[in-house]
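Below, each chain spelled out in residue letters.
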Amino acid sequence: SHAAVVTMESDMADSGAKACISVDNAALGQALGLAALNGVPEGGEAVLVDSAPGSAGVSRRLTEAARVLEEAGRSVYLCTLSGGRSLAETLNATLQARRPDAVVAFEPSALEQAAQLAQGQEKPPLVYGTGATSTIASHLERSSITLSAAQNEFAAGYLAVEAAVRSAKKREEREKMFVPPKEKK
């Protein structure tokens, strides 16, 4: 028996996944970069939060946002987890040292932390990102998050199940079509 693997967020077709349910990560990164352009003056700086090193989806978003910002004359600083420090410690140290005009986070937990930490800055940067948690909604209401691109996780879950079922049905149809040859006596 073979499992029908369907991934969410990162395409793993090369590893045998039958489908990937995800936003267009490149387009999402571009959209976040374009949104951040509004809050970062020419020559200003945006901190991009790489909170999931190794995640193909987050990496693609980050790469595209950086390209958009840099092409428009904005500086980009990549805040990446290192040295065994938590994201909150790493991001707080980056905000204190760099004092950016904006912070862009590419997944919900990083956006929540960025919003919380930005509030503690003398001149809080604008915060952009992706996610739709109740904490993010609260930050949006208080304007501590400027923009969040929300994904419909509920619909994505249904699409993933549908893709897995489709894959399993195709396998069953192939197995039914195979009729072993009769043995000669």
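I will try to describe carefully the structure that is included in this document. (Residues numbered from 1 in each chain as written. Predicted model: local features only at pLDDT ≥ 70, side-chain atom pairs only at ≥ 80, totals over all residues. Heavy atoms only, no water.)

**Side note on the overall build of the chain**
Now for step 1: A count of helical and extended segments in the chain gives six helices and seven strands.
Now for step 2: In the chain, buried positions account for 39% of the 185 residues.
Now for step 3: Pairs at least 24 apart in sequence give 62% of the contacts found in the chain among residues at least 6 apart.
Now for step 4: For the chain, the computed accessible surface area is about 10800 Å², with 53% contributed by carbon and sulfur atoms. (Helix = DSSP H or I, 4+ residues; strand = E, 2+ residues; numbered from the N terminus. Buried < 20%, exposed > 50% of the residue type's maximum accessible area, 1.4 Å probe, protein only. Contact = heavy atoms within 4.5 Å. Areas by Shrake-Rupley, 256 points an atom, 1.4 Å probe, with all protein chains shown as cover.)

**Focus: unusual backbone geometry**
Across residues other than glycine, the phi torsion is negative in most instances, and most of the peptide bonds are trans.
Now for step 1: The backbone of Arg 99 shows a phi angle near 50°, a positive value even though the residue is not glycine.
Now for step 2: Looking at the secondary structure, you find Arg 99 in the loop between α3 (87-98) and β5 (102-105).
Now for step 3: Judged by relative accessible area, Arg 99 falls into the exposed class, the value being 52%.
Now for step 4: With a phi close to 65°, Ser 143 is a non-glycine residue in the positive phi region.
Now for step 5: Residue placement: Ser 143 occurs in the loop between α5 (134-141) and β7 (147-149).

**Considering the packing of α3 against helix α4 (residues 108-119)**
Now for step 1: As a packed pair, α3 and α4 sit with axes 10 Å apart at the nearest point and diverge in direction by 45°. Considered as vectors, α3 and α4 are oriented oblique to each other. Crossing angle aside, the handedness with which α3 passes α4 is right-handed. Of the residues in α4, those in contact with Leu 87, Ala 88, Leu 91, Asn 92 and Leu 95 of α3 are Ala 110, Gln 113, Ala 114, Leu 117 and Ala 118.
Now for step 2: In terms of residue class, the contact of α3 with α4 is made up of eight nonpolar, two polar and no charged. (Axes fitted to C-alpha atoms, helices over the stretch in contact; angles between N-to-C directions. Parallel < 35°, antiparallel > 145°, perpendicular 65-115°, else oblique. Left-handed = near helix turned anticlockwise from the far one by under 90°. Nonpolar A, V, L, I, M, F, W, Y, C, P; charged D, E, K, R; others polar.)

**A few points about the environment of Leu 37**
Now for step 1: Along the polypeptide, Leu 37 turns up in helix α1 (residues 25-37).
Now for step 2: Residue classification places Leu 37 among the buried positions, given a relative accessible area of 18%.
Now for step 3: It is 9.9 Å that separates the C-alpha atoms of Leu 37 and Glu 70, two residues lying 33 residues apart in sequence.
Now for step 4: Non-local contacts of Leu 37, meaning those with residues more than four positions away in its chain, are made with Val 68, Leu 69, Ala 72 and Arg 74.

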